[in-house]
Amino acid sequence: MTLRACGFIIFRRLAHPPSPDNIQYLLLQTSYGQHHWTPPKGHVDPGEDDLTTAWRETQEEAGLGQEHLRVVDGFLQRLHYQVRGKEKEVLYWLAELRDPGIKVKLSDEHQDYRWVKLDEACRLAKYTDLQDTLKNVQRFLEKAEKKP
Ligand SMILES: Nc1nc2c(ncn2[C@@H]2O[C@H](COP(=O)(O)OP(=O)(O)OP(=O)(O)OP(=O)(O)OC[C@H]3O[C@@H](n4cnc5c(=O)[nH]c(N)nc54)[C@H](O)[C@@H]3O)[C@@H](O)[C@H]2O)c(=O)[nH]1
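Residues numbered from 1 in each chain as written. Predicted model: local features only at pLDDT ≥ 70, side-chain atom pairs only at ≥ 80, totals over all residues. Heavy atoms only, no water.

- Per an unreviewed UniProt entry, the protein chain goes by the name Bis(5'-nucleosyl)-tetraphosphatase [asymmetrical] and belongs to Ictalurus punctatus.
- Listed under Sequence similarities (unreviewed entry) in UniProt, the entry text for the protein chain is "Belongs to the Nudix hydrolase family."
- You can read under Function (unreviewed entry) in the UniProt record for the protein chain the words "Catalyzes the asymmetric hydrolysis of diadenosine 5',5'''-P1,P4-tetraphosphate (Ap4A) to yield AMP and ATP. Exhibits decapping activity towards FAD-capped RNAs and dpCoA-capped RNAs in vitro." (UniProt positions renumbered as here; feature names shortened; annotations may be inferred.)

Next comes the structure, spelled out in structure tokens:
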């Protein structure tokens with residue numbers, strides 16, 4: 001059976017420098033395994049719908065809820081990779097931190113977090129599919145800004 005996880009790619013915009021250089025992404029580092037970096041996400045509980053999972057995991061792992069985040073319409077990315085011989089599907093929605101000063105609160109599952117620009121986010125997220133997803137987000141945001 002395919003493993004399934006859902007989460008949010010979360011970004012914030014700082015007041016300076018001018019856009020798009022002010023866009024930073026939130027990555028969390030696991031406190032277990034290879035200490036890898038990903039956006040907040042986690043396994044779908046039995047009977048739970050995907051978006052509910054994304055919100056629950058984001059609240060549990062980063063302390064961020066609907067009062068802190070604004071979902072960006074029109075973006076949903078699916079990743080497929082293998083974990084210990086099993087297929088895994090991960091769905092990421094996109095959300096912006098409403099107030100860039102809001103603090104992240106980690107759970108025991110993570111040991112560190114960083115707000116980083118695209119280049120550094122791609123360096124931390126060492127998987128090509130996740131790097132491509134982050135690049136897609138950046139393009140998506142830059143295109144949205146150019147719309148009248
Ligand atoms: N002690 C211990 N405990 C673990 C371990 N493992 C899990 N636990 C427990 O599970 C709970 C987590 O539950 P949730 O939060 O609900 O689930 P998720 O958020 O889904 O978390 P996972 O960590 O299960 O899943 P992934 O992030 O998907 O990593 C799995 C593998 O895939 C690779 N990988 C990661 N991302 C990408 C990508 O974007 N692209 C590609 N291509 N590959 C990627 C990565 O290299 C890794 O080897 C924890 O509380 C622990 O109790 C472990 O190794 N040791």
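Some remarks on the environment of Lys105
(1) Moving on: Its location among the elements puts Lys105 in the loop between β6 (86–97) and β7 (110–116).
(2) Moving on: With 41 residues separating them along the chain, Lys105 and Leu64 place their C-alpha atoms 7.8 Å apart. (Helix = DSSP H or I, 4+ residues; strand = E, 2+ residues; numbered from the N terminus.)

Examining the pattern of salt bridges
(1) Moving on: In this structure the tally under the stated criterion is 13 salt bridges.
(2) Moving on: The residue Asp45 makes a salt bridge to Arg56 at a minimum N-O spacing of 3.5 Å. Residue Asp45 is located in the loop between β4 (41–43) and α1 (50–62), and its partner Arg56 is located in helix α1; the two are separated by 11 residues in the primary sequence.
(3) Moving on: For Arg114, the salt bridge goes to Asp112, with nearest N and O atoms at 3.9 Å.
(4) Moving on: Judged by its relative accessible area of 32%, Arg114 falls in the partly exposed class. (Salt bridge = Lys/Arg side-chain N within 4 Å of Asp/Glu carboxyl O. Buried < 20%, exposed > 50% of the residue type's maximum accessible area, 1.4 Å probe, protein only.)

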